[in-house]
Amino acid sequence: MQLNSGVPAGPIADKWDNHRFEMKLVNPANKRKYDVIIVGTGLAGASAAATMGELGYNVKVFTYHDSPRRAHSIAAQGGINAAKNYQNDGDSVFRLFYDTVKGGDFRSREANVYRLAQISLNIIDQAVAQGVPFAREYGGLLANRSFGGAQVSRTFYARGQTGQQLLLGAYQALERQIAAGTVEIATRHEMMDVVVVDGVARGIVTRNMVTGQLESYTGDAVVLATGGYSNVFFLSTNAKHCNVTATWRAHRRGAGFANPCFTQIHPTCIPPSGEYQSKLTLMSESLRNDGRIWVPEDKEEKRAPRDIPEGERDYYLERLYPSFGNLTPRDIASRRAKEMVDAGHGVGERENGVYLDFKDAIERLGRDTISERYGNLFEMYEKITGENPYDRPMRIYPAPHYTMGGLWVDYDLMTTVPGLFAIGEANFSDHGANRLGASALMQGLADGYFVIPMTIGNYLARVSHQPVPTDHSAVKDAEKDVRDRLDRLMSVNGNRTVDDFHIELGRLIWNECGMERSKEGLERALRQIPELRERFWNEVRVPGSAADLNQSLEKAGRVADFLEFGEVMCYDALTRVESCGAHYRVEHTTEEGEAKRDDERYAHVAVWEFTGVGEAPNRHVEALEFDNVQLSQRSYK
């Protein structure tokens, strides 16, 4: 496996501009000769499809939803970063770049991150032109608020619905191109495999989720915009349909998978309320702007929060990190919350949370101001918990959220399989070992609106493809592989449900490869996952038929992929013998309990090559160079 990042030469501030000038271009009249397949219609996929359709390419876009508006991007709440410096508080492109590299604990590629910071300026202009209703100051200027890991206010927001509003902007642009005939959309279609012809990605195999029919599509390039894999933990903030299947099937076809163990734990989620809960609910990180996080100092006496005097409250983030306080990065805030609960300071009936308290903010700013900023989030919290956060502190606890790992891509966002691109959360490139809040929307839209439409043209202008018919042997072989897998799932006819296995896998991964990892725990997981996978293929029961609408079959295929992917995730965590960002190996910590990196041995991207189910994967590395941000121990104190 060859890992050539393709990062342009020259000063970092000039790399993207110089690269765009040196790219080969496709004549506008020739763009209609090229067919581009895009899988996924979230922010990255919808924006890429809309933009490429506008440019003149023939685009086929696929989603397993009934509408692009149901993509998980709508769940993003708090905001999107951009280095506009509207607050005149010292922000700049370089500061956003610096904060992102530092926040990722120096495990991301500098050139990609700097490009992201540059493009952030254009994203806001694009969204405003589309009519995205960002919050505004009294005088009409766009408002900003703070987010974790930064000391400036650079986060643009639309109350607690930023992801939804941005997706509506991309969706409208996409629908315009569908109406114009440049984009063709297939809803309720799940990608089951990538078609590779002579080492080049040329199409996909899908399953029509309504009829059960396998359908294949070919083109000149394939773009995966299929999101992350946090549902490997079973309980996560992700929508229940989110899965690893598209990227994992690409991995099985030769695409390297980078840093799979880099998974983010979000610090502000509603704690689980019972053993049979199937998903967790995110509460926006923006709440940490005005909410103060604390636990009772007395572990024994259980009192209502308002009955606990100020002197008996431990505002532990403000105590430990005076410079950043409640706005420390997500990985740090999550670990500290876990420490408090593990030490017996947990609150709530199940003693599995910490308080997020708005009492001081309401007294300082007034209830109306807090309602204007967070009203819909407060309503959501009250509907779920039955508790009024205006009168009683919220209860929060960390939960699996975003995944920084993904398919390895070069500077042009192409994977190790030529012609196969990955954008948004599906790739690894921008966030290192920990994503700063409000950067997911930024990356998805940067990749979709501004990067991939340029770089895919550079690829297409350099290749000379012959059309691949859908009866090509490579297409038929891929279809057969998919059909055999579906038939095998249907034929097991065991006595356990798919969810039984998913829950068991999720608990195992959470315990051994979640917020804390250890050599002993990871080795235990690597012994148990193959055993669990074998039981799955002998004991799972999938009712119904493959030739029809069958949601149990859909889940079974996804869990089967998680059972393979989870093993590589643990290999990655075991072989990265350091702590960095959200990858917290208990054997590698500072005296103050912070993540302790090993830059001499692990300042690289780990890229895994598929060698077969149950076989140890091959590990490759891309060395990371830090020419613009000095390697240093992260400190938010």
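Quick look at the structure, then. The shown structure was predicted, so the numbers you read here are calculated from the model rather than taken from an experiment. (Residues numbered from 1 in each chain as written. Predicted model: local features only at pLDDT ≥ 70, side-chain atom pairs only at ≥ 80, totals over all residues. Heavy atoms only, no water.)

**So, the overall build of the chain**
Here is step 1: Looking only at helices and strands, one finds 16 helices and 19 strands in the chain.
Here is step 2: Over its C-alpha trace the chain gives a radius of gyration of 24 Å, about what one expects of a compact globule, namely 26 Å for 637 residues.
Here is step 3: Projected onto the principal axes, the alpha-carbon positions of the chain cover approximately 75 × 60 × 50 Å.
Here is step 4: Across the 637 residues of the chain, 61% fall into the buried class.
Here is step 5: Put simply, 74% of the contacts in the chain that link residues at least 6 apart link residues at least 24 apart.
Here is step 6: When the accessible area of the chain is evaluated, it comes to approximately 24,000 Å², of which 45% is carbon and sulfur surface.
Here is step 7: For the chain, the distance from the average position of its 74 positive side-chain charges to the average position of its 86 negative side-chain charges is 2 Å. (Helix = DSSP H or I, 4+ residues; strand = E, 2+ residues; numbered from the N terminus. Rg over C-alpha atoms; globule rule 2.2 N^0.38 Å. Buried < 20%, exposed > 50% of the residue type's maximum accessible area, 1.4 Å probe, protein only. Contact = heavy atoms within 4.5 Å. Areas by Shrake-Rupley, 256 points an atom, 1.4 Å probe, with all protein chains shown as cover. Lys, Arg positive; Asp, Glu negative; His and termini not counted. Charge placed at Lys NZ, Arg CZ, Asp CG, Glu CD.)

**A few points about empty space enclosed by the protein**
Here is step 1: One pass over the structure, following the stated rule, counts eight cavities of 30 Å³ or more.
Here is step 2: Roughly 100 Å³ of internal volume is contained in the largest cavity.
Here is step 3: Contributing to the lining of the largest cavity are 15 residues, with Val568, Phe610, Gly612, Gly614 and Glu615 lying nearest its centre.
Here is step 4: Ranked by residues supplied to the lining of the largest cavity, first place goes to helix α15 (residues 551-575) with four residues.
Here is step 5: Within the lining of the largest cavity, the residues separate by chemical class into six nonpolar, four polar and five charged. (1 Å grid on protein atoms, 1.4 Å probe; cavity = no way out; pocket = protein on both sides within 12 Å on 5 of 7 lines; lining within 4 Å. Points joined across faces, edges and corners; volume = space filled by probe spheres on them. Nonpolar A, V, L, I, M, F, W, Y, C, P; charged D, E, K, R; others polar.)

**A short note on the sheet that holds strand β5 (residues 183-186)**
Here is step 1: Strands sit in the order β5-β2-β1-β9-β17 across an open sheet of five strands; the sheet is parallel. The sheet is open, and its two edges are formed by β5 and β17 (420-422), each paired on a single side. Averaged over neighbouring strand pairs, the angle between their axes works out to 20 degrees when direction is ignored.
Here is step 2: Of the strand pairs in this sheet, strand β9 (residues 221-224) and β17 are connected by three bridges, and their pairing is parallel. (Pairing = 2+ DSSP bridges. Axes fitted to C-alpha atoms, helices over the stretch in contact; angles between N-to-C directions.)

**Some details on helix α14 (residues 519-539)**
Here is step 1: Across its 21 residues, α14 extends 30 Å between first and last C-alpha, which sits within 8% of the 30 Å expected from 1.5 Å per residue.
Here is step 2: The set of residues buried in α14 consists of Gly521, Leu522, Ala525, Leu526, Ile529, Leu532, Arg533, Phe536 and Trp537.
Here is step 3: The secondary structure elements touched by the buried residues of α14 are α12 (473-491), α13 (498-513) and α15. (Expected span 1.5 Å × (residues − 1).)

**So, the pairing of strand β11 (residues 263-269)**
Here is step 1: Most of β11 is tucked away: seven of the seven residues are buried.
Here is step 2: As paired strands, β11 and strand β15 (residues 394-403) are joined by four bridges and run antiparallel to one another. When the sheet's bridge partners are listed, Ile265 is paired in β15 with Pro400.

**Observations concerning the side chain of Thr218**
Here is step 1: By secondary structure assignment, the location of Thr218 is in strand β8 (residues 214-218).
Here is step 2: At a separation of 2.7 Å, a polar atom in the side chain of Thr218 contacts the main-chain carbonyl oxygen of Val468.
Here is step 3: With residues near it in sequence (within four places) discarded, Thr218 still touches Ile37, Lys60, Arg202, Gly203, Val468, Pro469, Thr470 and Val475. (Polar contact = N/O pair within 3.5 Å; in protein donor to acceptor, adjacent residues only side chain to side chain.)

**Examining unusual backbone geometry**
As a rule of thumb, non-glycine residues mostly have phi less than zero, and peptide bonds are mostly trans rather than cis.
Here is step 1: Phi is positive for Leu413, which is not a glycine, with a value near 70 degrees.
Here is step 2: Among the structural elements, Leu413 can be located in the loop between β16 (406-407) and β17.
Here is step 3: Positive phi values are uncommon outside glycine, yet Ala438 reaches one of about 70 degrees.
Here is step 4: You can see Ala438 is positioned in the loop between β17 and α11 (440-460).

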